[in-house]
Amino acid sequence: MSAGLHVIFGTGAAGLATFDALRRRGRTVRLINRSGHAPVGADVEVLAGDVRDTSFAIDAARGAAVVYQTLNPPYSQWSQQFPALQAGVLAAAEEAGARLVSLENVYMYGRPAGRPLTEDRENNAHTVKGRLRAGMAEELLAAHRAGRVEISIGRASDYFGPRGGAQSNLGDRVFPAALNGRTATVLGNPDQPHTYTYLPDIGEGLALLGEHTDAPGRIWHLPNDPDTRTTRQLVHIIYRQAGHDHSRLRAVPPLLLRALGLVNPTVRELLEMQYQFEEPFIVDSSTIAHHLGIAATPIEQAITETLEDYRETPGSPAP
């Protein structure tokens, strides 16, 4: 399964992390996005088009051995765009006879209710986006059960790492602030334990799901550090590694978040997901470690690498 063409739909942070992992394995990769441009070498094929157009998606994946779904439409457009995007990728993989590796989050589980999230957890979403992702996951698993497409699902928690950007809670509002000795800003209660998935681990995990014989037909939590810290503890490590004795952290007050949601559609969509920071939010990834032999990057190393990426990225935004 590792030989042949690997086609990645989506060139955001997770798609590019998957690209990096595949290139380290020496794979031939084609990237698909709307613009036809991506920060990759000139030797890499990048196709432009709308994946909701099934005929385009099928043509884009022609010849693929493995297809990766890492698309992530604007947060405020999930209900309008996400199902059609997945339908395009699913049709493309089926037509190509390729394995489909789909990146998902953990919204479909709903509230942790005092227990770590594991792959055998029933879907119990109480949010619009959680119910949407639950339905999309079931669509993929039904296609696998019907023998139409070989499906592997990899689920990640909130991500951080190189290219994490403004969408990451531990991204543009934190790392540039630490490097500049300013105050970082995060969403949610920073004193609750919270699992963050390192972007290169997402890429390595998805690449593994594309080649391992035992991967298809089930859900896998992508590698997470088993020692779950609070957001505040992680921010402290970031500041320490940036050369500061003390971290400076400000959490956006819930009332301010609600007020911002009145005028900002992205913030409005974030409001229903704030339950993830109201209690310990721990995503257990021991299954993929035990069965497929992949472990998370140690958190200190992950933060070192992310800080280095922000140092090397011109124009990293200040808070």
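One structure accompanies this document, and this report is about it. (Residues numbered from 1 in each chain as written. Predicted model: local features only at pLDDT ≥ 70, side-chain atom pairs only at ≥ 80, totals over all residues. Heavy atoms only, no water.)

### Points about the pattern of salt bridges
Part 1 of the argument: Evaluation of the coordinates by the stated rule reveals 22 salt bridges.
Part 2 of the argument: A salt bridge links Glu104 to Arg155, with the shortest nitrogen-to-oxygen separation between them at 2.8 Å. Taken together, the residues Glu104 in strand β5 (residues 99–104) and Arg155 in strand β6 (residues 151–155) connect sequence positions 51 residues apart. Comparing Glu104 with Arg155 shows no difference in burial state: the two are buried. (Salt bridge = Lys/Arg side-chain N within 4 Å of Asp/Glu carboxyl O. Helix = DSSP H or I, 4+ residues; strand = E, 2+ residues; numbered from the N terminus. Buried < 20%, exposed > 50% of the residue type's maximum accessible area, 1.4 Å probe, protein only.)

### A closer look at the side chain of Thr197
Part 1 of the argument: Along the polypeptide, Thr197 turns up in strand β9 (residues 196–198).
Part 2 of the argument: A distance of 2.6 Å separates a polar atom in the side chain of Thr197 from a polar atom in the side chain of Asn224.
Part 3 of the argument: Those residues in contact with Thr197 that sit more than four places away from it in its chain are Ala156, Ser157, Asp158, Tyr159, Phe160, Ile202, Pro223 and Asn224. (Polar contact = N/O pair within 3.5 Å; in protein donor to acceptor, adjacent residues only side chain to side chain. Contact = heavy atoms within 4.5 Å.)

### Some remarks on the layout of surface pockets
Vacant regions in the atomic arrangement are exposed by a probe of water-molecule size rolled over the atoms.
Part 1 of the argument: Put simply, the largest pocket is a space of about 1200 Å³.
Part 2 of the argument: Every residue lining the largest pocket is counted, 48 residues in all, and those nearest its centre are Asn72, Pro73, Trp78, Tyr159 and Gln167.
Part 3 of the argument: Mapped onto the lining of the largest pocket, the elements with two or more residues apiece are α1 (13–24), α3 (78–96), β5, β7 (158–160) and α9 (265–271).
Part 4 of the argument: In terms of residue count, the dominant contributor to the lining of the largest pocket is α3 (four residues).
Part 5 of the argument: In terms of residue class, the lining of the largest pocket is built from 22 nonpolar, 19 polar and seven charged.
Part 6 of the argument: A volume near 230 Å³ is recorded for the second largest pocket.
Part 7 of the argument: Every residue lining the second largest pocket is counted, 16 residues in all, and those nearest its centre are Pro254, Leu257, Arg258, Gln274 and Glu278.
Part 8 of the argument: Residue contributions to the lining of the second largest pocket peak at three residues, all from helix α8 (residues 254–261).
Part 9 of the argument: For the lining of the second largest pocket, the class distribution of residues is eight nonpolar, four polar and four charged. (1 Å grid on protein atoms, 1.4 Å probe; cavity = no way out; pocket = protein on both sides within 12 Å on 5 of 7 lines; lining within 4 Å. Points joined across faces, edges and corners; volume = space filled by probe spheres on them. Nonpolar A, V, L, I, M, F, W, Y, C, P; charged D, E, K, R; others polar.)

### What about empty space enclosed by the protein?
Part 1 of the argument: Scanning the model with the defined rule gives two cavities of 30 Å³ or more in all.
Part 2 of the argument: Within this model, the largest cavity holds a volume of roughly 100 Å³.
Part 3 of the argument: Lining the largest cavity, in full, are Phe160, His194, Thr195, Tyr196, Asp225, Asp227, Thr228, Arg229, Leu234 and Ile299.
Part 4 of the argument: Split into classes, the residues belonging to the lining of the largest cavity amount to four nonpolar, three polar and three charged.
Part 5 of the argument: The computed volume of the second largest cavity comes to approximately 50 Å³.
Part 6 of the argument: Contributing to the lining of the second largest cavity are Phe160, Tyr196, Thr197, Tyr198, Asp201, Pro223, Asn224, Asp225, Ala296, Thr297, Ile299 and Ala302.
Part 7 of the argument: Looking at the lining of the second largest cavity, the elements with two or more residues in it are β9 and α11 (299–312).
Part 8 of the argument: Looking at the lining of the second largest cavity, the element that brings in the most residues is β9, giving three residues.
Part 9 of the argument: Classifying every residue of the lining of the second largest cavity by side-chain character gives seven nonpolar, three polar and two charged.

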